[in-house]
Amino acid sequence: MSKLTRRELLKAMGVASIGAMLASCAKSTPTSEPTTKPEPTVKPTEAPTPTPLPVTLTMWAGWFSTPTPDDAVLQEGEQRKTAFKDVATAYKDVAPNVTIEWYPTASVGQEWLTARFTAQDAPDIFWWNMDDLMQHINKGWVLDMSDYLKEPNPYVSGNAQWVDQFDQIAIDAETGPGGKWYGVCMDGVGILHAYNKDAFAKAGITEVPTTWGNYIESLAALKDAGYIPYGKGIHFTHWTSAHLINQLMWDTMYDYDTDGNKTIDGQEVAIAIQKGNFPDWDAYLEMVKLVKMMVPYWQAGWEEEPDLSSLFRAGKIATYMDGSWQVPGFVSDPPPFEVGWAPYPIVTKDLWAKAPEKVVRIQGAWGNLQYHVPGYMPDKSPDKLSAIMDWLRFVCQPDFVTALSAEGGTIPLVEGTTTSDSLAPFLQPFDRGVPYQSWNNLSSGALPTEIKRWSLYFSEDVDDEQWVADTKKALDDEVAIILESNPSWKVS
């Protein structure tokens, strides 16, 4: 498959206006899948001032990047994570007085992090998607890193400002109120449909369906061939919504992007809902009607949180939606069939007259390497700040980001990095990278409410008009909750 240049990727994501700024910095791509993990080779061009006293930095590196403990027993298809440990070992040569201490994956979640911020004992560096973190910025939970990002990265030759290393979409992802930068984002992810090529062949499906109608037909053929056609967990409502609502609200979606950063965040959603112009309820209802067409082809237990990856590997489900982070596991420990990746089907005008018939993609800066620092750090532990920034700059060297991204199955968003052939399907062109996913953009707590509303529609014979009215009230109630902690978002 052909590879995209950075300009083409940015254009596909809907940010072509800034593509010219990066036109001279096209990413290179290896011609074949690397057989061994890339070894970090970049050394600092200027030795930074060493940290004089021993410092231990605690880091929550995220579920897909935290190094695997040496004594951990891996599950089927699970890949041992070692890249960050290798980077930390290399850092010891530069900063022998700094030790990186990893928070174990099992102990961390958003509720846990919320409690840690309240007690002011959160990790010194932590992963959290900015979409969810945005609602907490006004609480002082996140450090404004703008001044640090305007300084050079001494580990990258010729770098004048650290921020210059990142693709624009990664910069936008970390931009908060007042245009300040609240973290660094080194990579992104994509979400497609993984499918069992053997199952499709046995079902007589010779071409991967690209339209909604053909996709439903293919699911019926897979069912007739003895497969569970589609793996679905209702907790992935936000992925389904992202692909569909951005198709159905194509013409108006960016009306809500008031700050022009190509992402519709919780504040913008909350304000638009209060004004009564979000979402387009005709499109929203059409979305759940379309999804209900798929329900007969889902596995039993879709209302829960099934392990779809395991069911897929076992050959029980023929296709399901998953992310680029699964690619390394499929490469290192392949299932007994060939895996393909396909984009989400297009809604055509024969199903909905207003359908724009566009290809949308969850493809953006929601990767493994998105890191922030607690806002209380300058007051509580100012002695750690220089070491924190030096460590993060060290990590941002292209070879390290390439290795970390390859291990985590993400698309690097740092200048000078490379992407493996196995991720090629996630670099194919699309019309828009989705700026909005679901009620999850409002707050992570709102998503369970939306899931309940969808489940009700799928499981019972509900009057459409009453369902819309009840769902609108539920959304208004969620906005009221979020306004309690963000009073500045209230529309007078």
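Bear in mind the structure is a predicted one, so any value in this text is a computation, not a measurement.

Asker: Whenever I open this one, the pattern of salt bridges confuses me. Can you help?
Answerer: Any two side chains of opposite charge can pair if their charged atoms end up close together. With the rule as written, the count across this model stands at eight salt bridges. Measuring nitrogen to oxygen at the nearest pair gives 3.4 Å for the salt bridge that ties aspartate 476 to lysine 472. With aspartate 476 and lysine 472 both in helix 18 (residues 464-485) and four residues apart, this pair spans about one turn of that helix. A relative accessible area of 30% means that aspartate 476 is categorised as partly exposed. Under the relative-accessibility criterion, lysine 472 is labelled partly exposed at 37%.

Asker: Where do I start with the confidence of the model for the chain in this structure?
Answerer: Low-confidence regions, as indicated by low pLDDT, have predicted coordinates that should not be scrutinised in detail. When pLDDT is averaged across the chain, the result is 87; 89% of the residues are at 70 or more. For the stretch residues 1-47, pLDDT sits under 50, and the model shows 93 contacts to residues farther than four places along the chain or on other chains.

Asker: Whenever I open this one, the sheet that holds strand 10 (residues 370-372) confuses me. Can you help?
Answerer: In a beta sheet, neighbouring strands are held together by backbone hydrogen bonds and run either parallel or antiparallel to one another. Here we have five strands laid out as an open sheet, ordered 2-1-3-10-4, and mixed in their pairing. This sheet does not close on itself; its edge strands, each paired only once, are strand 2 (98-102) and strand 4 (184-185). Where strand 1 (residues 55-60) lies against strand 3 (residues 125-127), two bridges are found, and the strand directions are parallel. Across the sheet, tryptophan 60 pairs through a bridge with phenylalanine 126, a residue of strand 3. With respect to the sheet, helix 2 (residues 83-94) is in contact with strand 1, strand 2 and strand 10, its orientation differing from that of strand 2 by roughly 165°. Its contacts with the sheet place helix 15 (residues 385-395) against strand 1, strand 2, strand 3 and strand 10, and it is angled at close to 55° to strand 1.

Asker: Quick question: what am I supposed to make of the pairing of strand 7 (residues 317-323) here?
Answerer: Side-chain positions along a regular strand alternate between the two faces of the sheet. Across the seven residues of strand 7, seven count as buried, placing the element largely inside the fold. Both strand 5 (residues 187-196) and strand 7 contribute to a ladder of five bridges, which runs antiparallel. The residue of strand 7 that forms the bridge with isoleucine 191 is glycine 323.

Asker: Would you take a moment to explain the packing of helix 10 (residues 266-274) against helix 18 for this structure?
Answerer: Angle between the axes and distance between the axes are the two parameters that describe a pair of packed helices. Relative to each other, helix 10 and helix 18 sit at 125°, their axes nearing to 10 Å. Taken together, the axis directions place helix 10 and helix 18 in an arrangement best described as oblique. Two packed elements cross with a definite hand, and for helix 10 against helix 18 that hand is left-handed. Residue-level inspection shows Ala270, Ile273 and Gln274 of helix 10 in contact with helix 18, the latter providing Leu475, Asp476, Val479, Ile482 and Leu483. When grouped by side-chain class, the residues that make up the contact of helix 10 with helix 18 number six nonpolar, one polar and one charged.

Asker: Quick question: what am I supposed to make of the state of the cysteines here?
Answerer: Working definition: the covalent bond between the sulfur atoms of two cysteines is a disulfide. The final tally for this structure, using the stated rule, is zero disulfides. Of all cysteine sulfurs, the one in cysteine 396 lies closest to cysteine 185, which takes part in no disulfide; the gap is 9.9 Å. For cysteine 396, a relative accessible area of 0% puts it in the buried group.

Asker: Is there a simple way to think about a negative patch on the surface in this case?
Answerer: Residues Glu460, Asp461, Asp463 and Glu465 make up a contiguous surface patch of negative charge. Topologically, glutamate 465 is positioned in helix 18.

Asker: Even after reading the chapter, I still don't get empty space enclosed by the protein, so can you show me in this structure?
Answerer: Scanning the model with the defined rule gives seven cavities of 30 Å³ or more in all. As a volume, the largest cavity reaches approximately 250 Å³. For the largest cavity, the lining is made up of 21 residues, of which Ala173, Asn261, Lys262, Thr263 and Trp366 are closest to its centre. Listed by contribution, the elements that provide at least two residues to the lining of the largest cavity are helix 4 (130-133), helix 6 (168-173) and strand 9 (360-364). A per-element tally of the lining of the largest cavity places helix 6 first, with three residues. For the lining of the largest cavity, the per-class residue count stands at 10 nonpolar, seven polar and four charged.

Asker: What is the right way to read the side chain of aspartate 257 from this model?
Answerer: Residue placement: aspartate 257 occurs in the loop between helix 9 (237-248) and helix 10. Buried within the structure, aspartate 257 lacks any salt-bridge partner; lysine 262 is the closest side chain of opposite charge, at an N-O distance of 5.5 Å. Discounting residues that sit within four places of it in the chain, aspartate 257 has contacts with Lys262, Thr263, Ile264 and Glu268.

Reading guide: rules and limits
- Numbering of residues begins from 1 in every chain and follows the order in which that chain's sequence is written.
- Per-residue local features are limited, in this predicted model, to residues with pLDDT of at least 70; the limit for side-chain atom pairs, both in listing and counting, is 80 or more; totals at the level of whole chains, interfaces and linings are taken over all residues.
- Side-chain measures were taken over the full set of non-hydrogen atoms in the model, leaving aside hydrogen atoms and water.
- Between Lys or Arg on one side and Asp or Glu on the other, a salt bridge is scored when a side-chain nitrogen of the former is within 4 Å of a carboxyl oxygen of the latter.
- Helix numbering and strand numbering both begin at the N terminus, where a helix is a DSSP run of H or I of at least 4 residues and a strand a DSSP run of E of at least 2.
- Here the term buried applies to any residue with accessible area under 20% of the maximum for its type, exposed to any over 50%, and partly exposed to those in between, with areas from a 1.4 Å probe on protein chains only.
- Confidence of the predictor at the level of single residues is captured by pLDDT, which takes values from 0 to 100.
- Contact between two residues is taken to exist if any of their heavy atoms lie within 4.5 Å; hydrogens are not considered.
- Strand pairing follows a simple DSSP-based rule, namely that at least 2 bridges must link the two strands.
- Helix axes are fitted to C-alpha atoms over the stretch in contact, other axes to C-alpha atoms as well, and angles between N-to-C directions run from 0 to 180 degrees.
- Should an angle fall under 35 degrees it is called roughly parallel, over 145 degrees roughly antiparallel, and 65 to 115 degrees roughly perpendicular, with every other angle called oblique.
- For any pair of crossing helices, the crossing counts as left-handed if the nearer helix is rotated counterclockwise from the farther one by less than a right angle, and right-handed if it is rotated clockwise.
- Polar here means any residue other than Ala, Val, Leu, Ile, Met, Phe, Trp, Tyr, Cys and Pro, which are nonpolar, and Asp, Glu, Lys and Arg, which are charged; Gly is therefore polar.
- Defined by distance alone, a disulfide is two cysteine sulfur atoms within 2.5 Å.
- Note on patches: the residues involved have over 30% relative accessible area and no salt bridge, like charges join within 9 Å, and the nonpolar side chains Val, Leu, Ile, Met, Phe, Trp and Tyr join within 5 Å.
- Accessibility throughout is a Shrake-Rupley quantity obtained with a 1.4 Å probe, and a residue counts as covered only by protein chains that appear here.
- Charge assignment: positive for Lys and Arg, negative for Asp and Glu; neither His nor the chain ends contribute.
- For this purpose, a charge sits on NZ of Lys, CZ of Arg, CG of Asp or CD of Glu.
- A cavity, in this analysis, means grid points on a 1 Å lattice covering only the protein atoms where a 1.4 Å probe fits yet has no way out; a pocket is instead an open set bounded by protein on both sides within 12 Å along at least five of seven lines, and a residue lines either one if it has an atom within 4 Å of a point.
- Grid points are joined across faces, edges and corners, and a volume is the space filled by probe spheres set on the points.

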